[in-house]
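Coordinates in review
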Amino acid sequence: MVAIKSVVALALASCVSVQGLSLIPSVKPLYQQALSVFNLESDNVDIEIPQIVIGKLPDVDEKPVPGDSPIVQCDASQPQILSLQKVIIDPNPPTRGQNLTFVATGFLEKDIEEGAYVEVDVRYGFIKLIHQTFDLCEEITKVDLECPIAKGPQVISKDVAIPNEVPPGKYIVNARAYTKDDEFITCLSATIEFPPI
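Residues numbered from 1 in each chain as written. Predicted model: local features only at pLDDT ≥ 70, side-chain atom pairs only at ≥ 80, totals over all residues. Heavy atoms only, no water.

1. Comments concerning the overall build of the protein chain
On a plain count of helices and strands, the protein chain comes out with three helices and 10 strands. In sequence order, the secondary structure elements of the protein chain are arranged as α-α-β-β-β-β-β-β-β-α-β-β-β. The 197 residues of the protein chain split such that 46% are buried. The contacts in the protein chain between residues at least 6 apart in sequence include a share of 64% that link residues at least 24 apart. (Helix = DSSP H or I, 4+ residues; strand = E, 2+ residues; numbered from the N terminus. Buried < 20%, exposed > 50% of the residue type's maximum accessible area, 1.4 Å probe, protein only. Contact = heavy atoms within 4.5 Å.)

Written as structure tokens, this is what we have:
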């Protein structure tokens, strides 16, 4: 649930227009421009050589999260500490120049302590744009929570501004969260598409 903020922010921050594989060398400057829109630093972002994902797609192991949002639970057959009960976003789908409001409810089976982390991958089609690791306890302060997060019911509500400058395209974001002891908290995936301007 905490990773939802990272999923949305990174999906938007990574929006770059790639017309084809021949334009891969142009990804880095465009990506730097996209990061600047969101005041994010690229020092911890792996963008030196975008990876092209070729071959058979992996078997889909996901289940929808109630609430009619673009977020699904990935790696659904694996035991996870967080059970998402509902995610609602408004507007749905996200719209340029408007605030995106999301409310997520879920249940944690264990406390989450300092040292927990989230690994985020962002793809544009067959091109992997980002692989970045975030400190989960640092990120949750942005949704008015702090570590340790006690086991039990959880509710997160947050508004995120979506700039008008977000380029069109379809982006797939995966976030996998782990405890400090590498126990699997959750896996969330979102597909976000911004139409041409």
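2. A look at the nonpolar core
Of all hydrophobic cores here, the largest spans 40 residues; its most connected members are V87, I112, V120, L136 and I185. Among the elements of the structure, β4 (82-90), β5 (99-108), β6 (117-124), β7 (127-135), α3 (136-139), β8 (152-161), β9 (169-178) and β10 (184-194) are those that each provide at least two residues to this core. If you tally residues by element for this core, the top one is β10, at five residues. When residues no more than four places from it in sequence are discounted, the contact partners of I112 are I81, L136, C147, P148, I149, T179 and I185. (Core = buried A, V, L, I, M, F, W, Y, C linked by side-chain atoms within 4.5 Å.)

3. Some details on the confidence of the model for the protein chain
This prediction gives the protein chain a mean pLDDT of 77; 70% of its residues lie at or above 70. Segment residues 1-27 is flagged for pLDDT under 50; beyond a separation of four residues in sequence, or across chains, it makes 79 contacts in the model. Counted against residues more than four places away or in other chains, residues 52-57, with its pLDDT under 50, gives five contacts. (pLDDT = per-residue confidence, 0-100.)

4. Some points on the state of the cysteines
Taken as a whole and assessed by the stated rule, the structure comprises two disulfides. What pairs with C74 in a disulfide is C187, and their sulfur atoms sit 1.9 Å apart. With the S-S bond torsion at -90 degrees, the cross-link from C74 to C187 turns out left-handed. With C74 in strand β3 (residues 71-74) and C187 in strand β10, this residue pair connects regions lying 113 residues apart in the sequence. Put simply, C137 and C147 are joined by a disulfide, and their sulfur atoms are 1.9 Å apart. Across the S-S bond of C137 and C147 the torsion is about -85 degrees, and the bridge reads as left-handed. (Disulfide = S-S within 2.5 Å.)

5. Overview of the pairing of β3
Across the two faces of β3 the burial is the same, with I71 and Q73 and V72 and C74 all buried. As judged from the three bridges shared by strand β2 (residues 62-64) and β3, these two strands associate in the antiparallel manner. Residue pairing across strands places E62 opposite C74, the latter belonging to β3. Counting the residues that bridge the hairpin from β2 to β3 gives six residues, and of these G67 lies at a positive phi of roughly 120 degrees. Here β3 pairs with β10 via three bridges, running antiparallel. Opposite I71, over in β10, you have A190 as the bridge partner. (Pairing = 2+ DSSP bridges.)

6. A look at the environment of I140
Locating I140 in the fold gives a position in the loop between α3 and β8. On a C-alpha basis, the gap between I140 and I156 in space is 9.5 Å, while along the polypeptide they are 16 residues apart.

7. Overview of the environment of P148
Tracing the backbone through its elements, the reader meets P148 in the loop between α3 and β8. According to the relative accessible area criterion, P148 is exposed, its value standing at 58%. Separated by 34 residues in the primary sequence, P148 and E114 have C-alpha atoms spaced 6.6 Å apart. Residue contacts for P148: discarding those within four places in its chain leaves I112 and E113.

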